[in-house]
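Per-entry structural report
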Amino acid sequence: MTEAARKELPEAREVCPTTTRRLLAEGALLLDVREKDEVERVSFADCEVLNIPLSAFEQRWSEVPRNREVIVASMNGEASLKATYFLMYQGYDRVTNMKQGVVRWIERGFPVIGNASVSSTAAEVGCGCGAASPKADARC
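This write-up is about the structure you can find in this document. Being a predicted model, the structure only gives us computed values, none of them experimental.

Reading the values: the criteria
Here, residues in each chain are numbered from 1, in the same order as that chain's written sequence. Residues qualify for local features only when their pLDDT is at least 70, as the model is predicted, and side-chain atom pairs are given and counted only at 80 or more; totals for whole chains, interfaces and linings, by contrast, use all residues. Heavy atoms from the whole structure form the basis of all side-chain values; hydrogens and water molecules are not counted. Among buried residues, the Ala, Val, Leu, Ile, Met, Phe, Trp, Tyr and Cys ones that are joined through side-chain atoms within 4.5 Å form a nonpolar core. Burial here depends on accessible area, computed with a 1.4 Å probe over protein chains only, as a share of the maximum for the residue type. Under 20% is buried, over 50% is exposed, and the range in between is partly exposed. For the purposes of this entry, the term helix denotes a DSSP run of H or I that reaches at least four residues, the term strand denotes a run of E that reaches at least two, and both are numbered from the N terminus. Contacts between residues were defined by any pair of non-hydrogen atoms, one from each residue, lying within 4.5 Å. A pair of aromatic rings is counted whenever rings of Phe, Tyr or Trp (Trp by its six-membered ring) have centres within 6.5 Å, and the orientation is called stacked for planes under 30 degrees apart, edge-to-face for over 60 and tilted otherwise. Comment: the charge-over-ring label is applied if NZ (Lys) or CZ (Arg) is within 6 Å of the ring centre and within 35 degrees of the ring normal.

Below, the discussion takes up the nonpolar core. Membership of the largest hydrophobic core comes to 16 residues, with the highest contact counts inside it found for L31, F57, V64, V72 and L87. At the level of secondary structure, the elements contributing two or more residues to this core comprise β2 (29–32), β5 (70–73) and α4 (78–89). With 3 residues, the single largest contributor to this core is α4. Contact partners of L87, with chain neighbours within four places excluded, come to L31, F57, W61, V64, V72, Y92 and V95.

This is the structure:
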């Protein structure tokens, strides 16, 4: 990439699923970038969700609205962080990554459709809401 094409981006905002639930209740849109087979196994419930798989993201990113807060989610927060930075590069300024993704969402007992048995080491990691560990703070 040439110097002229390089664009400095700020660090992406990230929130835990608990904060995501609050933002969704306030009108944010949940953007799920998991692939079709992952969404068919388990999907987010009780919220407005736009599904654009990461594999099709470069072709379909313009479907993401610019006029509202968007929370990007994936299985564990890694693919969604890539999509978050991609949208930031495209000029989106109301985009946030959901840390630890649907795995943490399920661990917190939030509503899903489908098979909610997802294994992860996410339970051992703090969520970023200021708690040293999720077990220390039931909000996360």
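On we go from here.
Turning to the packing of aromatic side chains, a few remarks are in order. The full count for this structure, using the stated rule, is 5 aromatic pairs. With centroids separated by 5.7 Å and ring planes inclined at 75°, the aromatic side chains of F57 and F86 adopt a geometry described as edge-to-face. Separated by 29 residues along the polypeptide, F57 in helix α3 (residues 57–60) and F86 in helix α4 bring together distant segments of the chain. Overall, F86 belongs to the partly exposed group, its relative accessible area being 22%. Taking the centre distance of 6.1 Å and the plane angle of 70° together, the rings of W61 and F86 count as edge-to-face. One end of the pair, W61, is in the loop between α3 and β5; the other, F86, is in helix α4, and 25 residues separate them in sequence. When the ring centre of F110 is taken as reference, the NZ or CZ atom of R21 above it lies at 5.0 Å. Here the basic side chain of R66 rests over the ring of Y92, its NZ or CZ set 4.2 Å away from the ring centre.

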